[in-house]
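# Coordinate inspection notes
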Amino acid sequence: MQYLFVCPMPNCGHEVVVEAASDEDAVQKIMMAGAEHAKNVHPNMPVNENEMLEMVKTQMKKL
Ligand SMILES: [Zn+2]
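Residues numbered from 1 in each chain as written. Predicted model: local features only at pLDDT ≥ 70, side-chain atom pairs only at ≥ 80, totals over all residues.

Identification of the chain as DUF1059 domain-containing protein from candidate division WWE3 bacterium RIFCSPHIGHO2_02_FULL_38_14 is taken from an unreviewed UniProt entry.

Right, dumping it as structure tokens:
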């Protein structure tokens, strides 16, 4: 299954698409891809890891 997560930062809209076997797997993969994106593009993102986790869980979409 494919899952989509759109970066929640204003004026970004970066899309992360991952291939995952389950919701839990997708959350992990999106978190990893998101951390890389945040490090590169939003080094001062005012969101901690737990908040990011909540956002991924509530906002990711199954494609
Ligand atoms: Zn972004």
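Back to the text.
## Points about the packing of helix H1 (residues 23-41) against helix H2 (residues 49-59)
Filter applied, for reference: Each axis is a line fitted through C-alpha atoms, and for a helix only the stretch in contact is used; angles between axes span 0 to 180 degrees, taken between their N-to-C directions. Strands are runs of DSSP state E lasting at least 2 residues, helices are runs of H or I lasting at least 4, and numbering of each runs from the N terminus. With respect to orientation, any angle under 35 degrees is reported as roughly parallel, any angle over 145 as roughly antiparallel, any angle of 65 to 115 as roughly perpendicular, and every other angle as oblique. By definition, turning the near helix anticlockwise from the far helix through less than a right angle yields a left-handed crossing, and turning it clockwise yields a right-handed one. C-beta atoms are first placed from the backbone for all residues, and any pair lying within 7 Å is then listed as a contact. Charged means Asp, Glu, Lys or Arg here, nonpolar means Ala, Val, Leu, Ile, Met, Phe, Trp, Tyr, Cys or Pro, and polar covers whatever is left, Gly included.
At a minimum axis distance of 10 Å, the contact between H1 and H2 shows a crossing angle of 125°. If you check the angle between H1 and H2, you find them oblique. Considering only the axes of H1 and H2, their crossing is right-handed. Across the interface between the two elements, Val27, Ile30, Met31 and Gly34 from H1 touch Met52, Leu53, Val56 and Lys57 from H2. Looking at the contact of H1 with H2 residue by residue, the classes come out as 6 nonpolar, 1 polar and 1 charged.

## Let's talk about the sheet that holds strand E1 (residues 2-6)
The line we're drawing: Two strands are said to pair when DSSP picks up at least two bridges between them.
Read from one edge of the open sheet, 3 strands run E2-E1-E3, paired in antiparallel fashion. In the strand order of this sheet, the two ends are held by strand E2 (15-19) and strand E3 (61-62), each with one partner. Across 5 bridges, the pairing between E1 and E2 is antiparallel. Residue Tyr3 lies in a different strand from E2, and its bridge partner there is Val18.

## Remarks on the pairing of E1
Cut-off, in case you're wondering: Burial is judged by counting the other C-beta atoms within 10 Å of a residue's own C-beta: 20 or more makes it buried, 12 or fewer makes it exposed, and any count in between marks it as partly exposed, with every C-beta position built from the backbone.
Every second residue of E1 is oriented toward a common face, the buried set being Tyr3 and Phe5 and the non-buried set Gln2, Leu4 and Val6. With 2 bridges connecting them, E1 and E3 associate as antiparallel partners. When the bridges of E3 are listed, Tyr3 appears paired with Lys62.

## Some remarks on unusual backbone geometry
You will see that Asn11, though not glycine, has its phi angle at about 60°, which is positive. Mapped onto the secondary structure, Asn11 falls in the loop between E1 and E2. The class for Asn11 is exposed, based on 5 C-beta atoms found within 10 Å.

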